[in-house]
Amino acid sequence: MLRNLTSRGFRSAIVQMSGQIINVLLGIFIVKLLGPVEFGIYAFFYALLKIGMVVAEFGMPVLIIREIVRLREAKDWAQIKGFIVQAILTILVISAVLSGSGFVYLLLSDAETLSLAQRTMMVMLATLPAIALMRLVCSALRSTERIVTGLFLELLMLPLLVVIGALIWTNLTDDINPVAVMTLQLIAIIAVGTAGWAILYRSLPSEIWKARAQMLGAPWLKSGMAFLLAGGASLLNTQIDVVILGLFRAPAEVGIYRAAAQAAFLAFFLAQVMYVVTIPKMASSIERDEPNELNSVFSKARWTGTAGAALVLLIYLAFGHSILRIVFGSEFVIGWSVLIILCVGAVLKTAAGPLEALLSMGKQEHKMSQVLWLTVALNIILNIVLIPFFGVAGAASSTAVTALLIPLLLTPVARRTKLL
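Calculation notes
Residues numbered from 1 in each chain as written. Predicted model: local features only at pLDDT ≥ 70, side-chain atom pairs only at ≥ 80, totals over all residues. Heavy atoms only, no water. Helix = DSSP H or I, 4+ residues; strand = E, 2+ residues; numbered from the N terminus. Rg over C-alpha atoms; globule rule 2.2 N^0.38 Å. Buried < 20%, exposed > 50% of the residue type's maximum accessible area, 1.4 Å probe, protein only. Contact = heavy atoms within 4.5 Å. Areas by Shrake-Rupley, 256 points an atom, 1.4 Å probe, with all protein chains shown as cover. Lys, Arg positive; Asp, Glu negative; His and termini not counted. Charge placed at Lys NZ, Arg CZ, Asp CG, Glu CD. Phe/Tyr/Trp six-rings, centres within 6.5 Å; stacked < 30°, edge-to-face > 60°. Core = buried A, V, L, I, M, F, W, Y, C linked by side-chain atoms within 4.5 Å.

K.L.:
Residue-level account of the overall build of the chain, with values.
P.N.:
Along its length, the chain carries 15 helices and 0 strands. For a compact globule of 420 residues, the expected C-alpha radius of gyration is about 22 Å, and the chain comes in at 22 Å, within 12% of that figure. Along the three orthogonal principal directions, the C-alpha set of the chain runs to about 60 × 55 × 40 Å. Counting over 420 residues, the chain shows a buried share of 49%. Counted over contacts in the chain with a minimum sequence separation of 6, partners at least 24 positions apart contribute 81%. Carbon together with sulfur atoms contributes 68% to the accessible area of the chain, which is approximately 19800 Å² in total. Side chains of the chain give 31 positive and 21 negative charges; the mean places of these two sets differ by 8 Å.

K.L.:
So what's going on with the packing of aromatic side chains? Residues and values would help.
P.N.:
Using the criterion set out here, one finds 6 aromatic pairs in the structure. Relative to Tyr46, the ring of Tyr42 lies with its centre 5.7 Å away and its plane at 20°, an arrangement referred to as stacked. Of the two residues, Tyr42 and Tyr46 are both situated in helix 1 (residues 2–57); the distance of 4 residues between them amounts to about one turn of the helix. Given a relative accessible area of 5%, Tyr42 falls into the buried group. Considering the side-chain rings of Phe389 and Phe390, the 6.5 Å spacing of their centres and the 55° angle between planes classify their relative orientation as tilted. Phe390 matches Phe389 in its accessibility class, with the two residues each being exposed. Aromatic rings pair up to connect Phe39, Tyr42 and Tyr46 into one cluster.

K.L.:
Please give an account of the side chain of Ser139 that cites residues and values.
P.N.:
Tracing the sequence through the fold places Ser139 in helix 4 (residues 116–142). Leave out the neighbours within four places in its chain, and Ser139 touches Pro61, Ile64 and Ile65.

K.L.:
Got a sec to walk through the environment of Arg70? Specific residues and values, please.
P.N.:
Counting through the fold element by element, Arg70 comes out in helix 2 (residues 60–73). Looking at Arg70, the relative accessible area reads 44%, which means it is partly exposed. For Arg70 and Val37, which are 33 residues apart along the polypeptide, the C-alpha to C-alpha distance reads 48 Å.

K.L.:
How would you explain the nonpolar core if you had to name every residue and give the values?
P.N.:
Within the largest apolar cluster, 116 residues are counted, with the highest numbers of intra-cluster contacts made by Met60, Tyr257, Phe328, Leu339, Cys343 and Leu358. Here this core gets 18 residues from one element, more than from any other, and that element is helix 1. Non-local contacts of Leu358, meaning those with residues more than four positions away in its chain, are made with Met282, Ile286, Leu294, Phe298, Ala414, Leu419 and Leu420.

Okay, structure coming up:
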C-alpha cells in the first residue's frame, strides 16, 4: 500500500509539473494568436473568470475530497450522494447569481451592438458555472483511486483540448479573437467535465447512486466558507493586478503585462518543483516530531528554489529583450521592465522558503489565511494607487511588494508555532 501511495504521489507531482508547463505554453500560443490588444481583453476577462470561479465554488472542490473520504469510511452512501447534490446546487445557484448579474449589466448597456470586450464577457459568464462544476468533479475524482485521473483531466487534458481547438479554428478561418478563444475554453471545459462525471459515476460504489440522497446539515456551509476564504486569498493575489490594470489602462497594456507575467513564471518554476517534492517530507517530519529533519528539508527547498529564481533573473537581465521578442513578438519587448520587477519579487519570495506549504502541513491554515487576506487588501490598495500613475510598472511593483510581504508576515507565524 505504501508503494502505491508513493507511486501515486510521484505520478501526481509529474502531472502537476507538466500541467504548469503546458499552461505556460498555452498562454504563449494564445498571445501569438491574438496580439497585445486582443490578448489584453482575453486576459482581463479570464482573470475575472478565475475570481468568479472561486466564489462560485464556495470551497466545494476541497470540501468534497474530505467529505467523500470520510463518508466512504463510514459507508454512508446516502450522505455522499446528498453532499454531491448539495455541492452541485450550491455552485449552480452562486453561478446563476454572478452570471445573471453580468448579463443584466450587458442588457442595460446603451450600445446598439456589443463590442468585442462585451461579447468576450458574455462567453466568460456562460463559462463560469461550467468551470466550477468541472473543478468539482476533478476534485471528487481525487477522493477516489482516480487521483491522477482528476489531475490529468484538469491540468493536462483541458489545455491540450484548447490548443487542438485553436489549431483547428485557425485552419478553418483567419478570424480568431478573444471571443473565439474563450469559446474554445468553454467547449474544452464542457468536454473535460462530461468525461469527469462519467468516470466518477463508474469509480464510486454503485450503492451511492441507488441511495436516497440525505442532505448534510448547516455546518457544511461553514466549512465551505472557510475553504473559500483560504483558497480565495491566494488566487486573488495572482489575478487582482490584471483586473485592476484592465480597469484603469488600455487592453494593450494588459496584454503586455500578462505576457511578461507568464515569462516571469519560470522564476517560480524550480521552487514549485521542489515544493511538490518536499511537501510530503515536511508532513512526515512534522508528524514524527523531527524538527532538525524538518529544518533540513525546508532549507534545501528554500535555497534550491532561490538559486533557480536568481538564475532566471540573471538570464532575463542579459537576454530578456531578445527572449520577449522571439517568444511573444516585438510589441511585447517593452514589457522587459515588468519581467525584471516580477522576477526580483520571485527571488525575494523564494528566499524565504515554502512557508505556505510548511504552515499548511503544520495545520496552521487559519492563521495563514488571515495573513494572506491582509496581503490581498494591501495588494489591492497598491494596485489602485500605483497603476493610474505608472501603468504596467505599477502593477508589477504591487505584485512584487506583495510577494515580499507574504513571507515577511508568515515567518513570525511559523516561528511562534515552532515550525521554524
